[in-house]
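Each chain is listed here by its residues.
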Amino acid sequence: MDGLPGGSTSVTRVIKAGWLDKNPPQGSYIYQKRWVRLDADYLRYFDSNKDAYSKRFVAVACISRVAATGDQKFEVITHNRTFSFRAESDVERKEWMQALQQAVAEQRARARLSGTYPLGARGLEQPDHAGSLELRGFKNKLYVAVVGDKVQLYKNLEEYHLGIGITFIDMSVGNVKEADRRSFDLTTPYHIFSFSADSEPEKEQWLEAMQGAIAEALSTSEVAERIWAAAPNRSCADCGAAQPDWASINLCVVMCKRCAGEHRGLGAGVSKVRSLKMDRKVWTETLIQLFLHLGNGAGNRFWAANVPPSEALQPSSSPGARRRHLEAKYREGKYRRYHPLFGNQEELDKALCAAVTTTDLAETQALLGCGAAVSCFSGDPEAPTPLALAEQAGQTLQMEFLRNNQGTGVPRPDSTLPLEKHYSVVLPTVSHSGFLYKTASVAKPLQDRRAREEFSRRWCVLSDGVLSYYETERTVTPNGEIRASEIVCLAVPPPDTHGFEHTFEVYTEGERLYLFGLESAELAHEWVTCIAKAFVPPLAEDLLARDFERLGRLPYKAGLSLQRAQEGWFCLAASELHAVFPEGPCEEPLQLRKLQELSVQGDNENQVLVLVERRRTLYIQGERRLDFVGWLAAIQKAAASLGDTLSEQQLGDSDIPVIVYRCVDYITQYGLTSEGIYRKCGQTSKTQRLLESLRQDARSVRLKEGEQHVDDVSSALKRFLRDLPDGLFTRAQRLAWLEASETEEEEEKVSRYRELLLRLPPVNRATVKALISHLYCVQCFSDTNQMNTHNLAIVFGPTLFQTDGQDYKAGRVVEDLINHYVLVFNVDKEELRKQREEVTAIVKMRVAGTASGTQHAGDFICTVYLEEKKAETEQHVKIPASMTAEELTLEILDRRNVGVREKDYWTCFEVNEREEAERPLHYSEKVLPILHGLGMDSHLVVKKHQSMEAMLLYLASRVGDTKHGMMKFREDRSLLGLGLPSGGFHDRYFILNSSCLRLYKEVRSQRPWSGAPETSHRPEKEWPVKSLKVYLGVKKKLRPPTCWGFTVVHETERHEKQQWYLCCDTQMELREWFAAFLFVQHDGLVWPSERSRASRAVPEVRLGSVALIPLRGSENEMRRSVAAFTADPLSLLRNV
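The structure presented is a predicted model; accordingly, all values stated were derived computationally and were not measured. (Residues numbered from 1 in each chain as written. Predicted model: local features only at pLDDT ≥ 70, side-chain atom pairs only at ≥ 80, totals over all residues. Heavy atoms only, no water.)

Remarks on the overall build of the chain
For the chain, the helix and strand inventory stands at 32 helices and 48 strands. Here the chain holds 1136 residues, and the buried ones make up 52% of them. Here the chain displays about 53100 Å² of accessible surface, and carbon together with sulfur accounts for 48% of that area. (Helix = DSSP H or I, 4+ residues; strand = E, 2+ residues; numbered from the N terminus. Buried < 20%, exposed > 50% of the residue type's maximum accessible area, 1.4 Å probe, protein only. Areas by Shrake-Rupley, 256 points an atom, 1.4 Å probe, with all protein chains shown as cover.)

Spelled out as structure tokens, the structure:
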């Protein structure tokens, strides 16, 4: 039989080794020289003293006796086989015989002491898995047994029972991977064993068993022996199996391998499973002491206090039975010992805060298991949480227990939470091996392409959290190693970046960069996946499912905790940045091409990457320069435009390309009244330079008056649209649009346009609407700019349809879309009114001029107050045309470092001092038109909306869509020139529905089926509800009958204002009416989601040496603008 080459030695102590002549089994007189090795368990012989794998082995436990048979000869006799050897001398023969006889005697003595009497060959261990497999290089199937940390090969089942095998493989250097449907490879540094099973399911069983052997081989018993020092920890807390080598670090119980698999299935929110033998870095001295104090004794006195004998687990219990029992025990808390305070949350939290300052760990365990909140407020600002109290009291074991239980849930019998992915087998430590091509490590970013000649072929082994690389597969000592715990980033450059087509980069804490390469994409992906699994913690394991370009950990500041930097895990995949933070829920990925800002602040030694998305800001610190430079370049590249198509551009919140938004915004600000806008062409060189900068990074381009002419900007926009590879209306649908323009019936034509609009891709559809909306505004000023609808169509028809003026129908489509803008795009009257107000405000402000003279497109500075109008609370804010009331509110809170808690309803109010009334702005309202309408006695203030919670509760509980009831009513005669005879308040009946507010003078009998009084047939007055502005408060000189009133303003289509006053009998009534108005006016969206409100950062004034505010524009520019505004605050509004 052919030998199996290699170069390893067993870790078992060798009793004797040397060269012997062996007589072959056929009994020939020709002896063959063999290297023979004897240890406490096996007698093995090899072809060479350098071979790792034997030709045959005999279990010492199976040897019956050893006898001399002539000159220098001796026999090793088993139950039915005899092995004949010849030594060089009688002295050497005697030494071999004595060593063998002593080994057999010691083996039998150990068997008697342990009391084991196995079936078959005495001393053989029961295998974890065994059966027949085909092995490449052998004609017949072999019998293979997985025993502990070894895989043993036998000729057949009979020899297995006799204890006579071919060789065994130490799995501490092994790795298994699938080859094809039924085959798999067992790879070691010395040989590749290619096995084939009879079926695919059987192959999966073998893979699982061998992976378990790898885990066993890489383990150590030091921690287990210490934890087993406590008697209850020597058996599984759940089924009682002996020598459990797994544990739940938050439950503080020790369990066997089978129960550990089911604990993993419960999810980390219930049980955090770790190995006593493999996860050595987890087991700090404090954690070991915690298990010695609590462990299975205290754990089962609490969790298993009421287990019926019929429901108890046994070591032989099935996986299904284990799963049901453990879910009942730990997820539902079915068998726990209930604490006397159970059900009283406040008292549980108080008791926990008291317990953590003592040594009573069992009390802390019982309180947390019965519902006490691990992060409850203690009432002490200096030590606000139980963890802080324990630290203050010096209770290190309490601190360890509390930390391990952060993020876990409370057991609930009626839990309806979805179960996490179930794992029936505990996954072993990641291991992998194979050849990689490697360059010398460097301490600076790779700027140039590395040629193929710069790579060296190395045998690489990833095992036990260490990536080692060797000169060859036979080399014992590695050239170097990279510890997984020191890896901070793993990057995958695009194919063909370097001499090898597929490469990946490994960055370490020591500021070193390692570059590896392979030709095979599949092999490279396997290595990247295994390395990622080795250094990414379970907290961030979901990131591994992404097809990432970059993966690693970085210091960051975000959310409401900006006092200190924390370390988070980040994954860059395409144009999304996924983040996993140590505390809090899973974050939504940042859409990098939709960022409002991407900037780098600070000096070279203290850089901060600022990412601003709608409602949240993330600060990533460059603590380690080498990997930070890589992250910065990768994020900037991902955030830039990826190509020439619309969907590959940087996008705004409404899926409109930033390049389109920038140009439209600038022309709206500075070009609406410019004669011949869009018809006149800009300078070719300036247009080209501007377009190139916009295409490269439109987000960073700030168009300023005096630096860019409106004709250059309009030409850049036209050229961008004309050069789109697929066109704005797409090649596939272009002809259909042109054909639709020939439809004679206008109504049918509009219907056809709307149908075609829905067929466009989302980005194209949003861009078409934005562009036509802009052109609609341009033609509104045709008296000044000379660009009516027809003239705009002549310019944009050939541009959008890329016809070069050869088809007149292109212009007709554009003309139709502008003329029928309201119908084609479903623009309601309210949206149209707001759009007109915004444009009017911008044009009026443009005419009035500004003191600074170098404002960004659409920006305007105003004063906003925090909580009340005082000099010390005022803030000067730049208001872009797109800023909403919510964004303004959060901007003010950010500046004053005000945290937003769960039920803090911070709102921006429009305060009218003359009318003694205020109006909370809806969060989606645009601020700029409101500023345009503010009088000399009005201002904006940000403060808490005290009634919002009550209003939301009312809206959640009310039935029906209408609101009706009696209120006291008075018209404003100063505005109307008429009014009620007495000029006072009178009772009137009001009905508010989804479309209008109706006033009735009389109330008749009550309708029995509706519960509402019957009113006169025709209302005395009726107003469209969406055109009303409702202010809280009524001025005192009108002598309102109650203090719970509001002022309502209605602006007619002729821009005539009507104003009247309403009073309710109670504060609750006032809140209900006001909530109903908000609900109807904004289609039920009264308040944004809590998540979006809370996700906004509350930045410090500075982050290290970096100024964080303002985020938009330079700090000097903001100071100049504020200085000009402070000198004459009303100059911007005098002519409005």
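Details of unusual backbone geometry
Even without a glycine there, the phi angle at Ala-574 is positive, about 55°. Mapping Ala-574 onto the fold places it in the loop between strand S27 (561-573) and strand S28 (576-580). According to the relative accessible area criterion, Ala-574 is exposed, its value standing at 52%. Its identity as a non-glycine residue notwithstanding, Glu-867 has a phi of 75°, on the positive side. Within the element layout of this structure, Glu-867 appears in the loop between strand S33 (861-866) and strand S34 (874-878). Since its relative accessible area comes to 49%, Glu-867 is described here as partly exposed.

Observations concerning the environment of Tyr-954
Tracing the backbone through its elements, the reader meets Tyr-954 in helix H28 (residues 948-957). Linking Tyr-954 and Met-1068, residues 114 residues apart in sequence, is a C-alpha distance of 9.5 Å. With residues up to four places along the chain from it excluded, the contact list for Tyr-954 reads Lys-963, Glu-1072 and Ala-1075. (Contact = heavy atoms within 4.5 Å.)

Some details on the nonpolar core
With 66 residues, the main nonpolar core has Tyr-678, Phe-729, Trp-737, Leu-775, Phe-796 and Leu-800 as its most contacted residues. The element best represented in this core is helix H20 (residues 762-780), accounting for 9 residues. Residue contacts for Leu-800: discarding those within four places in its chain leaves Leu-721, Leu-728, Phe-729, Leu-771 and Val-814. Ranked by size, the runner-up nonpolar core spans 36 residues in total, among them Leu-352, Cys-353, Val-374 and Phe-401. (Core = buried A, V, L, I, M, F, W, Y, C linked by side-chain atoms within 4.5 Å.)

Some remarks on helix H5 (residues 257-266)
Residues lying three or four places apart along an α-helix face the same way, a consequence of the helix completing one turn every 3.6 residues. Most of H5 is tucked away: 7 of the 10 residues are buried. Cys-259, Ala-260, Gly-261, Glu-262, His-263, Gly-265 and Leu-266 are the residues of H5 that are buried. Turning to H5, the residues buried within the fold contact strand S16 (246-248), strand S17 (253-255), strand S18 (273-275) and helix H8 (319-331). Gly-267 sits one or two positions beyond H5 and adopts a positive phi of about 95°.

Some thoughts on the environment of Gln-152
One can find Gln-152 in strand S10 (residues 150-154). Other than its neighbours up to four places away in sequence, Gln-152 contacts Tyr-42, Tyr-143, Val-144, Ala-145, Val-147, Thr-167 and Phe-168. For Gln-152, the side chain forms a polar contact with the side chain of Tyr-42, separated by 3.0 Å. Polar contacts involving the side chain of Gln-152 include one to the side chain of Tyr-154, which spans 2.6 Å. (Polar contact = N/O pair within 3.5 Å; in protein donor to acceptor, adjacent residues only side chain to side chain.)

Section: the sheet that holds strand S3 (residues 42-46)
Ordered by their spatial adjacency, 8 strands build an open sheet running S5-S6-S7-S1-S2-S3-S4-S11, and the pairing between neighbours is antiparallel. Of all the strands in the sheet, the pair left with one neighbour each is strand S5 (65-70) and strand S11 (164-165). (Pairing = 2+ DSSP bridges.)

Some words on H20
In this model, H20 (19 residues) spans 27 Å end to end at C-alpha, consistent with the 27 Å of a helix rising 1.5 Å per residue. Across the 19 residues that make up H20, a large majority, 14, are buried. (Expected span 1.5 Å × (residues − 1).)

What to know about the pairing of strand S24 (residues 502-508)
Counting buried residues along S24, 7 of its 7 residues qualify, which places the element largely inside the surrounding structure. Residue alternation in S24 divides its side chains into two sets, His-502, Phe-504, Val-506 and Thr-508 and Thr-503, Glu-505 and Tyr-507, and both sets are buried. Pairing analysis gives 4 bridges linking strand S23 (residues 487-491) to S24, with the strands arranged antiparallel. Counted as the bridge partner of Leu-490 is Val-506 from S24. Examined bridge by bridge, S24 and strand S25 (residues 513-518) share 6 bridges and lie antiparallel to one another. By the bridge assignment for S25, Thr-503 is matched with Gly-517.

Things to note about the side chain of Lys-329
Within the fold, Lys-329 resides in helix H8. Within polar-contact distance, the side chain of Lys-329 engages the backbone oxygen of Ala-237 at 3.3 Å. Side chain to side chain, Lys-329 and Tyr-330 meet in a polar contact 3.2 Å long. Residues in contact with Lys-329, not counting those within four places in the same chain, are Ala-237, Asp-238, Asn-300, Trp-303, Ala-304, Lys-334 and Tyr-335.

With respect to the sheet that holds strand S9 (residues 142-147)
Through backbone hydrogen bonds, the strands of a sheet pair up, either in parallel or in antiparallel fashion. Spatially, 7 strands are ordered S12-S10-S9-S8-S15-S14-S13 in an open sheet, and the strand pairing comes out antiparallel. What marks the edges here is a single partner per strand, and that holds for strand S12 (167-170) and strand S13 (175-178). Strand-to-strand twist of the sheet, defined as the mean angle between neighbouring strand axes without regard to direction, takes the value 35°. Contacts from helix H3 (residues 200-217) reach strand S8 (129-135), S9, S10, S12, S13, strand S14 (183-187) and strand S15 (192-196), with the element oriented near 160° to S13. (Axes fitted to C-alpha atoms, helices over the stretch in contact; angles between N-to-C directions.)

Some thoughts on the pattern of salt bridges
This structure, assessed with the given rule, holds 48 salt bridges. Here the salt bridges share partners, and the residues they tie into one network are Glu-509, Arg-553, Glu-567, Arg-624 and Asp-627. (Salt bridge = Lys/Arg side-chain N within 4 Å of Asp/Glu carboxyl O.)

What about the environment of His-161?
Relative to the helices and strands, His-161 is located in helix H2 (residues 157-162). Expressed as a C-alpha distance, the spacing of His-161 and Cys-62, which sit 99 residues apart in the sequence, is 9.5 Å.

Thoughts on the state of the cysteines
Each disulfide consists of one covalent bond between the sulfur atoms belonging to two cysteines. Per the counting criterion, the structure on display carries 0 disulfides. With no disulfide of its own, Cys-1064 lies closest to Cys-1063 among cysteine sulfurs, the gap being 7.4 Å. Judged by its relative accessible area of 0%, Cys-1064 is buried. (Disulfide = S-S within 2.5 Å.)

Some thoughts on the packing of helix H16 (residues 684-697) against helix H17 (residues 710-722)
Pairs of packed helices are described in terms of their axes, by the angle between the two and the distance that separates them. As a packed pair, H16 and H17 sit with axes 9 Å apart at the nearest point and diverge in direction by 60°. As far as their axial angle goes, H17 and H16 are oblique. Of the two elements, H16 crosses H17, and the hand of that crossing is right-handed. Here H16 contributes Thr-684, Lys-686, Thr-687, Gln-688, Leu-690, Leu-691 and Arg-695 to the contact with H17, which in turn contributes Asp-712, Val-713, Ser-715, Ala-716, Arg-719 and Phe-720. Class assignment for the residues of the contact of H16 with H17 results in 5 nonpolar, 4 polar and 4 charged. (Parallel < 35°, antiparallel > 145°, perpendicular 65-115°, else oblique. Left-handed = near helix turned anticlockwise from the far one by under 90°. Nonpolar A, V, L, I, M, F, W, Y, C, P; charged D, E, K, R; others polar.)

Quick look at the side chain of Asp-712
Tracing the backbone through its elements, the reader meets Asp-712 in helix H17. In this structure, Asp-712 is buried with no salt-bridge partner, the nearest side chain bearing the opposite charge being Lys-686 at 4.8 Å. Those residues within four positions of Asp-712 in sequence are excluded, and the remaining contacts are Gly-682, Gln-683, Lys-686, Thr-687 and Leu-690. (Lys, Arg positive; Asp, Glu negative; His and termini not counted.)

Thoughts on the confidence of the model for the chain
In this model, the chain carries a mean pLDDT of 81, and residues with pLDDT of at least 70 account for 85%. Predicted confidence is poor over residues 1-10, with pLDDT under 50, and the contacts of this stretch with residues over four places away or in other chains come to 34 contacts. Low pLDDT (under 50) marks residues 1005-1011, which in the prediction has 8 contacts with non-local residues, meaning those over four places away or in another chain. (pLDDT = per-residue confidence, 0-100.)

Some thoughts on the pairing of strand S26 (residues 550-558)
The buried fraction of S26 amounts to 9 of the 9 residues, a majority that puts the element mostly inside the structure. Neither face of S26 is open: one carries Arg-550, Gly-552, Leu-554, Tyr-556 and Ala-558, the other Leu-551, Arg-553, Pro-555 and Lys-557, and all of them are buried. Alignment of S23 against S26, held across 3 bridges, turns out to be antiparallel. Bridged to Leu-490 within S26 is Leu-551. Judged from the 3 bridges that link them, S26 and strand S32 (residues 616-621) form a sheet pairing that is antiparallel. Residue Lys-557 lies in a different strand from S32, and its bridge partner there is Tyr-619.

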